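Coordinate inspection notes
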Amino acid sequence: MAALGWLTPRRRSATARSVLAGEASAEAARKTAQALDGIDGIDGIDADAGPPAESEEAAGRAAAEAAEAAQREAEEAERAEPEFPVAGDDLAAAFFDLDNTVMQGAAIFHFGRGLYKREFFHRRELARFAWQQAWFRLAGVEDPEHMQDARDSALSIVKGHKVCELMAIGEEIYDEYMAERIWPGTRALAQAHLDAGQKVWLVTAAPVETATIIARRLGLTGALGTVAESVDGIYTGRLVGEPLHGPAKAEAVRALAAAEGLDLERCAAYSDSHNDIPMLSLVGHPYAINPDTKLRKHARAHDWRLRDYRTGRKAVKVGVPAAAGVGAIAGGAAAAIALHRRRK
């Protein structure tokens, strides 16, 4: 696949492979987004995908307390800054990192677990996936060596398989391992952009097919992800360019913005990792979500908005859209109630 030529000549800090990966991902994202437009429910997040509704008295009290807290937070946000996102601004969009920003853990590890269940590989490879996932969850950061090992393993596993086969399996794996790991607070942020009439894209090093499934299930516009080469619908075991990570993510967002006619200064980006500073620095509204130590330090130094859903504590500067406040807190309360019931 040749580079698309969407970008005008300029000096780039990214490598040629990063540019190729970014532009290939942008092309794939636009094609899949067009397909997603025809699927029912794409205009908003599916209510059935969230935590179950609670009818007990305790749930009612929790919901009331959450609503009061949300109202206070919304009022604080409105006093602190202008309304954001701006409704009807069709030159703006939002870009969300996936792993540990939208979803707890790494999508590629959950995908590997699902493939093991379907006997795509053996116990030895599963142990490697389990160790890498445990490291990711405990450390809270992306380890390049672990991520590269996981990608190499995944490529070798899918080589020779049909793209349509892996897409169908990916739908099942989402229900089995990923749906319960979505952060309610981040979903609320994404929904605020959708409610404002803006497009919302996932941007991830996970395979673009997996990312597209997650985006569709969450009611988002589409996804930018790592593009694995395929010939006649069969995976070759090679990548187009390199994994969509670090500078490649920034190139993908830049290419998609150019193709979609977006003004990056009016766009927002959300991530947990310092590896995504190139992407976050592209937009006028960068958010650090569940940030690692390096990103937290960078965000504070540059006065970026922060939000941490891992412990419930408020970050130094909240700055969440007022429209997202109720959904973020109420969703978190519902998830906590559901978790408590399962533990009884």
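Note that the coordinates shown come from a computational prediction; the quantities given were computed from them, not determined experimentally.

1. Things to note about the overall build of the chain
A count of helical and extended segments in the chain gives twelve helices and eight strands. When burial is assessed residue by residue, the chain has 51% of its 344 residues classed as buried. Of the contacts formed within the chain by residues at least 6 apart in sequence, a portion of 66% connects residues at least 24 apart. Put simply, the chain shows about 16,200 Å² of open surface, and 52% of that area lies on carbon and sulfur atoms.

2. A word on unusual backbone geometry
Non-glycine residue E119 carries a positive phi angle of around 65°. Tracing the backbone through its elements, the reader meets E119 in the loop between α3 (107-117) and α4 (123-139). When its relative accessible area of 70% is taken as the criterion, E119 is described as exposed. Unusually for a residue other than glycine, D303 sits at a positive phi of about 60°. By the element assignment, D303 lies in the loop between α11 (293-301) and β8 (305-307).

3. Observations concerning the confidence of the model for the chain
Across the chain, pLDDT averages 75, with 62% of residues at or above 70. Residue range residues 1-12 is modelled with pLDDT below 50. Its contacts to residues more than four positions away, or to other chains, number 28 contacts. Segment residues 40-55 is flagged for pLDDT under 50; beyond a separation of four residues in sequence, or across chains, it makes 23 contacts in the model.

Here is what the cut-offs are and how they apply
- Residues numbered from 1 in each chain as written.
- Predicted model: local features only at pLDDT ≥ 70, side-chain atom pairs only at ≥ 80, totals over all residues.
- Heavy atoms only, no water.
- Helix = DSSP H or I, 4+ residues; strand = E, 2+ residues; numbered from the N terminus.
- Buried < 20%, exposed > 50% of the residue type's maximum accessible area, 1.4 Å probe, protein only.
- Contact = heavy atoms within 4.5 Å.
- Areas by Shrake-Rupley, 256 points an atom, 1.4 Å probe, with all protein chains shown as cover.
- pLDDT = per-residue confidence, 0-100.

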